[in-house]
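Given next are the chains, with one letter for each unit.
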Amino acid sequence: MGKKNSRISIMIIPHTEKVRRLTVPSWVPKVFFIAIITTIINVSLAFNKIYTSHMSLEEEYKEKISIINKLEEENKNKEVELSKLKSQNKKLYEKTNEVEEKLAEIEKLQREVEKLVGIKSPSRGGGLDDNLSREITEPVAELQVLKEVLEDKEKELIAFIDDVEKQLQYLETVPSLWPAKGKLTSKFGNRKNPFGRGIQFHYGIDIANSTGTDIRAAGSGKIIFSGYKTGYGYTIIIDHGNGYKTYYGHNSKLLVNKGDKVEKGQVIAKMGSTGRSTGPHLHFEIHKSDKPIDPLTVLK
Ligand SMILES: [Zn+2]
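Remember, predicted model here, so these are calculated numbers, not experimental data. (Residues numbered from 1 in each chain as written. Predicted model: local features only at pLDDT ≥ 70, side-chain atom pairs only at ≥ 80, totals over all residues. Heavy atoms only, no water.)

Engineer: Help me understand the overall build of the chain in this model?
Structural biologist: Regarding its fold elements, the chain presents three helices and 15 strands. Radius of gyration (C-alpha) of the chain: 57 Å, far over the 19 Å computed for a compact globule of 300 residues. In terms of its C-alpha atoms, the chain occupies a principal-axis envelope of roughly 185 × 40 × 30 Å. Taken over 300 residues, the chain has a buried fraction of 27%. In the chain, of all internal contacts separated by at least 6 residues, the share reaching a separation of at least 24 is 60%. Taken as a whole, the chain presents about 21200 Å² of accessible surface, with 57% of it coming from carbon and sulfur. (Helix = DSSP H or I, 4+ residues; strand = E, 2+ residues; numbered from the N terminus. Rg over C-alpha atoms; globule rule 2.2 N^0.38 Å. Buried < 20%, exposed > 50% of the residue type's maximum accessible area, 1.4 Å probe, protein only. Contact = heavy atoms within 4.5 Å. Areas by Shrake-Rupley, 256 points an atom, 1.4 Å probe, with all protein chains shown as cover.)

Structure representation (structure tokens):
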């Protein structure tokens, strides 16, 4: 290809046929060359573009993966927290059941004590709220309910103990204890006069035993008489309050003085036969609102 030549020739030499000669203008290879270069540049640019976008996609992908990882981590933490809460709930549920059982036991004891001391209290609060027996969903709220239930129960029990104490104090004053051991030789009511003719009203009961047998206070109270009384001989009178008074007659010995406070069952005298008596015995009277009543309706 000469520089001055404006045309170039391309020879095609096949093996079988005759030689062919192709003559083209000299600018054709130049244009062809430029076209190739341009194409290469274009392809390279396109590749660059694709590569860059691929890289940014990969970057984005990585970022998303890391976000997903973070979310998974958070999720795991939440699961751990949730399982912690669940186990706390379970414990609380068990405790709640325990408390409920204890409350039921307390209720039962209260009923028994009521029977024992003979009081009937108004219907006291039942156990816990039914909701507590079921699935616990909000531990804090349930705890608050439990706290309130227990506070109410405490107040109720304090009031109950007060009631029971008052009732026990009252029962101590009621003259229901047999004042002496021995034989019941005479009851309350009309009887033949042991000292003469006719019928006489007997205002108490007679309990006979040997001289010196212990005479006990039938209920707690205050001694309002301790001395000799015509007919009754050596006598003790106790005021028990609540309208009750008891008389103990024919004693051989008095062991308490006027003004003394005595407990139920305390020995206050010794059996004798002083006053109008046919032999050693206790003459025992119970007065309710200053009227003699049949002691056998009170003694237990
Ligand atoms: Zn008598």
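Engineer: Looking at this structure, I do not really get the environment of E81. What am I missing?
Structural biologist: Its place among the elements puts E81 in helix α1 (residues 27-117). The spacing of E81 and P194 is 113 residues in sequence and 93 Å in space, taken between C-alpha atoms.

Engineer: Sorry, what's going on with the side chain of E285 here?
Structural biologist: Mapped onto the fold, E285 is located in strand β14 (residues 281-288). Despite its burial, E285 pairs with no opposite charge; the closest candidate is K229, at 8.8 Å N-O. Only 2.7 Å separates the side chain of E285 from the side chain of H287, close enough to count as a polar contact. In this structure E285 touches Y203, G204, Y232, K245, T246 and Y247, once residues within four positions along its chain are discounted. (Lys, Arg positive; Asp, Glu negative; His and termini not counted. Salt bridge = Lys/Arg side-chain N within 4 Å of Asp/Glu carboxyl O. Polar contact = N/O pair within 3.5 Å; in protein donor to acceptor, adjacent residues only side chain to side chain.)

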